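# Summary of the model geometry
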Amino acid sequence: MTVLLLAILVISLAEGIPLYKKGQKKELVFMFFLLGTAIVLKVMEWFGLPSPVVMLDRLVSPVGKAIFK
């Protein structure tokens, strides 16, 4: 977990400071959105929760099996 937090800190500083200095607020917000999504997915994995891909597969696979028998 420490490595992930350190990587996020390094990425946000390396990418965020130039974006802020250039006045690219939308890109900065989007970058933090992507980093936040990565954090949420990693925490879900640590707690043993299924990933969104698994949940979508469970939702859609019965329909696919019914169509493609």
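Summary of the structure given here. Note that the coordinates shown come from a computational prediction; the quantities given were computed from them, not determined experimentally.

## Looking at the overall build of the protein chain
Scanning the protein chain from N- to C-terminus turns up three helices and zero strands. In sequence order, the secondary structure elements of the protein chain are arranged as α-α-α. Taking 2.2 N^0.38 as the reference for a compact globule, 69 residues should give roughly 11 Å; the C-alpha atoms of the protein chain span a radius of gyration of 18 Å, well beyond that estimate. Projecting the C-alpha coordinates of the protein chain onto the three principal axes gives extents of approximately 55 × 30 × 10 Å. Evaluated residue by residue, the protein chain yields a buried proportion of 12% over its 69 residues. Accessible area for the protein chain stands at about 5,900 Å²; split by element, carbon and sulfur atoms hold 75% of it.

## Notes on the environment of L13
Mapped onto the fold, L13 is located in helix α1 (residues 2-22). C-alpha separation for the pair L13 and G48, spaced 35 residues apart in sequence, amounts to 30 Å.

## Some remarks on the nonpolar core
Counting five residues, the largest nonpolar core consists of I8, L19, L28, M31 and L35. Where this core is concerned, the elements lending two or more residues are α1 and α2 (25-46). Sort the elements by how many residues they give to this core and α2 lands first, with three residues. Dropping the residues within four chain positions of it, M31 is found in contact with S12, E15, G16 and L19.

## Details of helix α3 (residues 52-67)
Since the α-helix advances by 3.6 residues per turn, residues separated by three or four positions end up pointing in the same direction. With 16 residues, α3 should reach 22 Å at 1.5 Å per residue; the first-to-last C-alpha distance of 23 Å fits that figure. Approximately 40° is the largest bend angle found in α3, and it occurs at V60, with the proline P62 only one to four residues beyond.

Quick notes on the rules
- Residues numbered from 1 in each chain as written.
- Predicted model: local features only at pLDDT ≥ 70, side-chain atom pairs only at ≥ 80, totals over all residues.
- Heavy atoms only, no water.
- Helix = DSSP H or I, 4+ residues; strand = E, 2+ residues; numbered from the N terminus.
- Rg over C-alpha atoms; globule rule 2.2 N^0.38 Å.
- Buried < 20%, exposed > 50% of the residue type's maximum accessible area, 1.4 Å probe, protein only.
- Areas by Shrake-Rupley, 256 points an atom, 1.4 Å probe, with all protein chains shown as cover.
- Core = buried A, V, L, I, M, F, W, Y, C linked by side-chain atoms within 4.5 Å.
- Contact = heavy atoms within 4.5 Å.
- Expected span 1.5 Å × (residues − 1).
- Bend = angle between axes of the 7 residues up to and from the residue.

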